[in-house]
Each structure stands twice: as C-alpha cells, then as structure tokens.
Amino acid sequence: MMDLAWEISGASMNNHSSRHRGKSRRLPPDEGTQAAAEISLKAVEGAVGYHLRRAQTMVLDDVGRRMRNLGLNPRDFTVMSVIGANPGINASRIAESLPMKRSNLSVLLVRLRRRGLVRRAEGEEFGRIQSLHLTQDGITLLQEARRLHREHLRFVESILGR
C-alpha cells in the first residue's frame, strides 16, 4: 500500500489529475500571515478513501487515454465488449447489467451505429426491442481495444502489484 500511496501522490498522479483539478495553486500572501507556496495535503495523506479516489482517477484517465486513440471512451469499450460477448442482446438488458441510464446508453448506441460498429439484427429497423450485434468493423476495433485494455491492466498491475 505504501508503494501505491507514493505512486498516486507522486509525480505520475499529478500529471493525471491536473486536467480535472487544475495545477497546484499558489496562494497570495494574506495580510499578517504567510501563505504556503503549495497546498498541503498532509491532512489527507493517511485517508484510505482519498488514496482510493486518486487511484480511481489515475486508472480511468489511463484507460481513457488508451481508448481515445481508437475514438472510443471506456463506456464505449464496455458496451461493445458486452455486445461482443452476448450477440443479440438488447439495450434494456445492457442497461440493466451495467450501471448506466437507458437514455445515456441510447445516445452511445446511436453513436456506435453511426460509426458502423454496431448494428441491429436484420428486419429490426423500427422495433422497440432490438437485437444488437457488432459489425465486422466493430469486431476488429474491439480486438484492438482489448489489446490496449491488456496494456492498461499491465500498467495498473505494475503500480498495485499482484
């Protein structure tokens, strides 16, 4: 856990979190007090929840960066993986199995369909319940995304250990 805490609070974490929280802020000196040059995080150094949240941020940033190279985000990858493993699944079943609102899933599926990565089963153009399948392009992209995901898992294991 000490290695994880060092890695997360060290330089590598600063690179990942600056996008979300901004760079370290310098405080202007107040009248009669001396402001610290950097914000001190000593008060939360031992807090497990703080380190877990920082680790989660780092993990999500890394997988997001890798998937972005393919024009995907982590949710796209997850949904495509579910469809790939369950050909013919419908959107309601996907939404029930993932922590995802149906409206968000609908937007995501439209985007994947427009990119030619997901298709409805033949003859299901207007039905409310639609069987979903990956297209050949979707299968090919998912294979590459899985390769990148394995790289991501090796990165996480290098920090956490096994």
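Residues numbered from 1 in each chain as written. Predicted model: local features only at pLDDT ≥ 70, side-chain atom pairs only at ≥ 80, totals over all residues. Heavy atoms only, no water.

## Section: the packing of helix 3 (residues 48-68) against helix 7 (residues 136-160)
The relative placement of two packed helices comes down to the angle between their axes together with the axis-to-axis distance. With their axes 9 Å apart at the nearest point, helix 3 and helix 7 run at an angle of 150° to one another. In terms of their interaxial angle, helix 3 and helix 7 are classed as roughly antiparallel. Like other packed secondary-structure pairs, helix 3 and helix 7 cross with a definite hand, here right-handed. Between helix 3, through Met58, Val59, Asp62, Val63, Arg66 and Met67, and helix 7, the contact on the second element is made entirely by Ala145, Leu148, His149, Glu151, His152, Phe155, Val156 and Ile159. (Axes fitted to C-alpha atoms, helices over the stretch in contact; angles between N-to-C directions. Helix = DSSP H or I, 4+ residues; strand = E, 2+ residues; numbered from the N terminus. Parallel < 35°, antiparallel > 145°, perpendicular 65-115°, else oblique. Left-handed = near helix turned anticlockwise from the far one by under 90°. Contact = heavy atoms within 4.5 Å.)

## A word on the environment of valine 118
In this fold, valine 118 is placed in strand 1 (residues 118-120). Note on valine 118: relative accessible area 3%, which makes it buried. Taking the C-alpha atoms as reference points, valine 118 and isoleucine 139, separated by 21 residues in sequence, lie 9.1 Å from one another. Those residues within four positions of valine 118 in sequence are excluded, and the remaining contacts are Ile83, Leu112, Arg113, Leu132, His133, Leu134 and Thr135. (Buried < 20%, exposed > 50% of the residue type's maximum accessible area, 1.4 Å probe, protein only.)

## A closer look at the pattern of salt bridges
With the rule as written, the count across this model stands at 7 salt bridges. As a salt-bridge pair, glutamate 144 and arginine 147 come within 2.5 Å of each other at their nearest N and O atoms. Taken together, the positions of glutamate 144 and arginine 147, both in helix 7 and 3 residues apart, correspond to about one turn of that helix. In this structure glutamate 144 comes out as partly exposed when scored by relative accessible area, which is 29%. The salt bridge involving arginine 147 is made with glutamate 151; its shortest N-O contact spans 2.5 Å. Here arginine 147 and its partner glutamate 151 are both found in helix 7, 4 residues apart, which amounts to about one turn of the helix. Classification of glutamate 151 by relative accessible area gives partly exposed; the value is 25%. Sharing partners across several salt bridges, the network here consists of Asp62, Arg65, Arg66, Glu144, Arg147 and Glu151. (Salt bridge = Lys/Arg side-chain N within 4 Å of Asp/Glu carboxyl O.)

## Structural notes on the nonpolar core
Ranked by size, the top nonpolar core spans 26 residues in total, and within it Leu72, Val79, Ile83, Ile94 and Leu112 carry the most contacts. Among the elements of the structure, helix 3, helix 4 (74-85), helix 5 (91-97), helix 6 (102-114), strand 2 (132-134) and helix 7 are those that each provide at least two residues to this core. Per-element accounting of this core gives the leading share, 5 residues, to helix 4. Residues contacting valine 79, with those up to four places away along its chain left out, are Ile94, Leu98, Met100, Leu105, Leu108, Leu109 and Leu112. (Core = buried A, V, L, I, M, F, W, Y, C linked by side-chain atoms within 4.5 Å.)

## A short note on helix 4
Between its terminal C-alpha atoms helix 4 stretches 16 Å, which fits the 16 Å expected from 12 residues at 1.5 Å a residue. Within helix 4 the residues assigned to the buried category are Asp76, Phe77, Val79, Met80, Ser81, Val82 and Ile83. Contact partners of the buried residues in helix 4: helix 3, helix 5, helix 6, strand 1, strand 2 and helix 7. Two or three places before arginine 75, at the start of helix 4, stands the capping residue asparagine 73, its side-chain oxygen 2.9 Å from that residue's backbone nitrogen. (Expected span 1.5 Å × (residues − 1). Polar contact = N/O pair within 3.5 Å; in protein donor to acceptor, adjacent residues only side chain to side chain.)

## Quick notes on the environment of glutamate 151
Sequence separation between glutamate 151 and valine 63 is 88 residues, and the spatial gap between their C-alpha atoms is 9.1 Å. Within the local environment of glutamate 151, its side chain forms a polar contact with the side chain of arginine 147, the two groups lying 2.5 Å apart.

## Examining the confidence of the model for the chain
The pLDDT averaged across the chain works out to 79; a share of 72% of its residues lies at or above 70. Confidence, read as mean pLDDT per element, is least for helix 1 (residues 2-9) in the chain (40) and greatest for strand 2 (97). Scored below 50 in pLDDT, residues 1-24 makes 29 contacts in the model with residues more than four places away or belonging to other chains. (pLDDT = per-residue confidence, 0-100.)

## A short note on the packing of helix 4 against helix 6
Running from N to C, helix 4 and helix 6 cross one another at 80°; their axes reach a closest spacing of 11 Å. Classified by the interaxial angle, the pair formed by helix 4 and helix 6 is roughly perpendicular. Every residue of helix 6 that contacts helix 4 at Arg75, Asp76, Val79, Met80 and Ile83 is listed here: Asn104, Leu105, Leu108, Leu109, Arg111 and Leu112.

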